[in-house]
Amino acid sequence: MAGGNERSMRALKEVWKRPENSLCADCGKPDPDWASSTLGVFICLSCSGIHRNIPSISKVKSLKMDHWDDAQVQFLAKNGNAVTKATYEAHIPIYYYQPTYNDCQVLREQWIRAKYERKEFTEPGKQLPYSDGVKEGILWKRGRDNGQFLPRKFLLSEREGCLKYFTKQDAKEPKINVKIDVINATFQPEKIGNPNGLQITYLKDNKTRNIFVYHESGKEVVDWFNAIRSVQFHYLKVAFPIASDNEIKNRLTRNFLKEGYMEKTGPKQREAFKKRWFTLDHRRLMYFKDPLDAFAKGEVFVGSRENGYSVQKGLPSGTQGNFSWNYGITIATPDREYLFTCETETDQLEWIKAFTSVINQAMTPQEYAIEAYFKFKS
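Here the structure is a predicted model, which means the values were calculated and not measured. (Residues numbered from 1 in each chain as written. Predicted model: local features only at pLDDT ≥ 70, side-chain atom pairs only at ≥ 80, totals over all residues. Heavy atoms only, no water.)

1. Quick word on helix H4 (residues 80–88)
Part 1 of the argument: Regarding H4, the residues found buried are Gly80, Asn81, Thr84 and Tyr88. Relative to the axis of H4, the buried residues are bounded by an arc of 115° and lie together on one face. (Buried < 20%, exposed > 50% of the residue type's maximum accessible area, 1.4 Å probe, protein only. Helix = DSSP H or I, 4+ residues; strand = E, 2+ residues; numbered from the N terminus. Arc of directions from axis to C-beta.)

Below is the structure:
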C-alpha cells in the first residue's frame, strides 16, 4: 500500500511539473498547489475556494496535503490545464474580460462559473447575455448628493452607441446619455462597500464624472461589465476599421493604475497641504475630497519624459506649506511643479512607480490633444 502511495505521488509530481500546469488555470497565479479531480485543472488556493462552492461541477483537493489515488492521477495526466482550457475556453469573445489573481472576487467567481458551470465558451456562436448589443435592467446607483443607493433603470445600446440611465422606470427622457467611447468601467468593491460594486466613469466636457453602482447578483453585474466591453469593441471596430482586434481590445475598459490618499498643496506652494483621494487613470491624475465624489476637485495631466515631465522623490528644499505626512513626491511639468506627501514610504514608492510607468511611455496624438486642453484650461 505504501509503495502504491509513493508511486502515485511520484506520478502526481510529474504531471504537476508540466509547464502548462505551472500557472493557475483560472487566474494565472504561479505555482498552483490545488487541483480539481473532476475537471483535471491545477488551480491556486483562492480559486479552489470558488470551485468548492460549485461541488456538482468540481471536486478540489490539495496537491500537498491530500491523498490522490492512481485513477485520479491518471485523470490529471490525461487532462491538465492545456487540454481542459482547449475545451472550456475554446470560444471566448475577444472583448470578454479574463480576470487575473489581482482582480476582485466577483470577477474571478463569475469567470469560473461561466467556464465550467454555464459552459459559455464551449460552442462557437453561442448567444450570450452580454453579446447581443443591447442590455436593459436595474442597477443600484449612488446618489450624487445624498449618498444613498437607489434602483435606477439603465439601458446600453450598440445601435445608438450609448449608455443611458433613467431616474424612474417609466421616464421617457434619460438622466444621462453617454457615448460609449468615453466610458470606462472598473470594479471597486472596497471603495463602494459592496462585493459587486462597479465604478462607471465617463468624460463630460473633458472632465471625468463618476457613477457608482452595484447589483445583488454577481452574474448580473459582471454581465453588465462585459456588455459594455462588447458594445465598445463593436463601436471601435467601425470607428477604426484597419486596427487589429487586439489593438481594439487594449482600448476597452481599464483598471486605474493607482488610487489612495495623499496630501497636496496649491500652486503657490505656500498653502497648507490638504488630504485628498487620488486616482491615476493613465495620464489623468484626479483628486477628490471623498473617494465616492461624482466629480474631481481637480486634474493633473501626466505627460511623457521626452515632453518635459518627471517625478522625483521628496519635496524641493524650502517648501513652506505645512504638511503632516513626511514622504514627499514632486511631479515636474513644463509649466510648474506639483507637490504631494504620502503617509508611508511604501505609499510613496508605489506612487512613484506608477507615475514613472506613465512618464516613460511616449504620448499618442490623442494625448497631445488632451495635454493642450489642460494647458488651455490652466
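The rest of the description comes next.
2. Notes on the layout of surface pockets
Part 1 of the argument: In this structure, the largest pocket encloses a volume near 1000 Å³.
Part 2 of the argument: At the level of elements, strand E8 (183–187), strand E9 (198–204), helix H7 (218–239) and helix H10 (365–377) are the ones that each hand at least two residues to the lining of the largest pocket.
Part 3 of the argument: Looking at the lining of the largest pocket, the element that brings in the most residues is H7, giving four residues.
Part 4 of the argument: Asn102, Thr186, Phe187, Gln188 and Glu259 are the residues nearest the centre of the second largest pocket, which is lined by 20 residues in total. (1 Å grid on protein atoms, 1.4 Å probe; cavity = no way out; pocket = protein on both sides within 12 Å on 5 of 7 lines; lining within 4 Å. Points joined across faces, edges and corners; volume = space filled by probe spheres on them.)

3. A short note on the sheet that holds strand E2 (residues 42–43)
Part 1 of the argument: Read from one edge to the other, the open sheet built from three strands follows the order E2-E1-E3, with strand pairing classed as antiparallel. One side of each edge strand has no neighbouring strand; the edge strands of this open sheet are E2 and strand E3 (60–62).
Part 2 of the argument: Where strand E1 (residues 34–36) lies against E3, three bridges are found, and the strand directions are antiparallel. The residue of E3 that forms the bridge with Ala35 is Lys61. (Pairing = 2+ DSSP bridges.)

4. Let's talk about the packing of aromatic side chains
Part 1 of the argument: According to the stated counting rule, one finds 19 aromatic pairs in the structure shown.
Part 2 of the argument: Consider the rings of Tyr88 and Tyr116, whose centres lie 5.1 Å apart with planes at 70°: the pair is edge-to-face. Residue Tyr88 is found in helix H4, and its partner Tyr116 is found in helix H5 (residues 105–117); the two are separated by 28 residues along the sequence.
Part 3 of the argument: Seen from their ring centres, Phe154 and Tyr165 are 5.2 Å apart, and the 25° between their planes marks the pair as stacked. In this pair, Phe154 is assigned in strand E5 (residues 149–157) and Tyr165 in strand E6 (residues 162–166), connecting sequence segments eleven residues apart. Both residues of the pair, Phe154 and Tyr165, count as buried.
Part 4 of the argument: Among the aromatic residues, ring-to-ring pairing joins Tyr95, Tyr96, Trp111, Phe121 and Tyr130 into one connected group.
Part 5 of the argument: Here the basic side chain of Lys61 rests over the ring of Trp68, its NZ or CZ set 4.8 Å away from the ring centre.
Part 6 of the argument: For the cation-ring pair, Lys153 lies above Phe166, with the distance from its terminal atom to the ring centre recorded as 4.6 Å. (Phe/Tyr/Trp six-rings, centres within 6.5 Å; stacked < 30°, edge-to-face > 60°. Lys NZ or Arg CZ within 6 Å of the ring centre and 35° of its normal.)

5. Re helix H2 (residues 45–52)
Part 1 of the argument: For H2, the full list of buried residues reads Cys47, Ser48, Ile50 and His51. Along the long axis of H2, the arc covered by the buried residues comes to 155°, so they all point the same way.
Part 2 of the argument: Turning to H2, the residues buried within the fold contact E1, E2, E3 and H5. (Contact = heavy atoms within 4.5 Å.)

6. Points about the side chain of Gln110
Part 1 of the argument: Along the chain, Gln110 falls in helix H5.
Part 2 of the argument: Its relative accessible area of 7% is what places Gln110 among the buried residues.
Part 3 of the argument: Within the structure, Gln110 has its side chain in polar contact with the side chain of Arg118 (distance 3.3 Å).
Part 4 of the argument: In contact with Gln110, other than residues within four places in its own chain, are Tyr96, Arg118, Gly218, Lys219 and Val222. (Polar contact = N/O pair within 3.5 Å; in protein donor to acceptor, adjacent residues only side chain to side chain.)

7. A word on the pattern of salt bridges
Part 1 of the argument: Tallying each qualifying case throughout the model produces 21 salt bridges.
Part 2 of the argument: Ionic pairing is found between Glu89 and Lys115, a salt bridge with its closest N-O pair at 2.8 Å. Of this pair, Glu89 sits in the loop between H4 and H5 while Lys115 sits in helix H5; the two residues are 26 residues apart in sequence, bridging distant segments of the chain.
Part 3 of the argument: Between Glu117 and Arg113 there is a salt bridge, with the nearest N and O atoms lying 2.9 Å from each other. Taken as a pair, Glu117 and Arg113 lie in helix H5 at a separation of four residues, close to a single helical turn. (Salt bridge = Lys/Arg side-chain N within 4 Å of Asp/Glu carboxyl O.)

8. Points about the UniProt feature "domain: Arf-GAP" (unreviewed entry) in the protein
Part 1 of the argument: Mapped onto the present numbering, the UniProt feature "domain: Arf-GAP" (unreviewed entry) falls on residues 6–129.
Part 2 of the argument: The span residues 6–129 is 40% helix and 6% strand, and its two end C-alpha atoms sit 48 Å from each other. (UniProt positions renumbered as here; feature names shortened; annotations may be inferred.)

9. Side note on the UniProt feature "domain: PH" (unreviewed entry) in the protein
Part 1 of the argument: Per the UniProt record, "domain: PH" (unreviewed entry) is found at residues 132–233 and 255–360.
Part 2 of the argument: This span, residues 132–233, is 20% helix and 46% strand, and a straight line between its end C-alpha atoms measures 12 Å.
Part 3 of the argument: Counted over residues 255–360, helix gives 14% and strand 38%. Its end C-alpha atoms are 19 Å apart.

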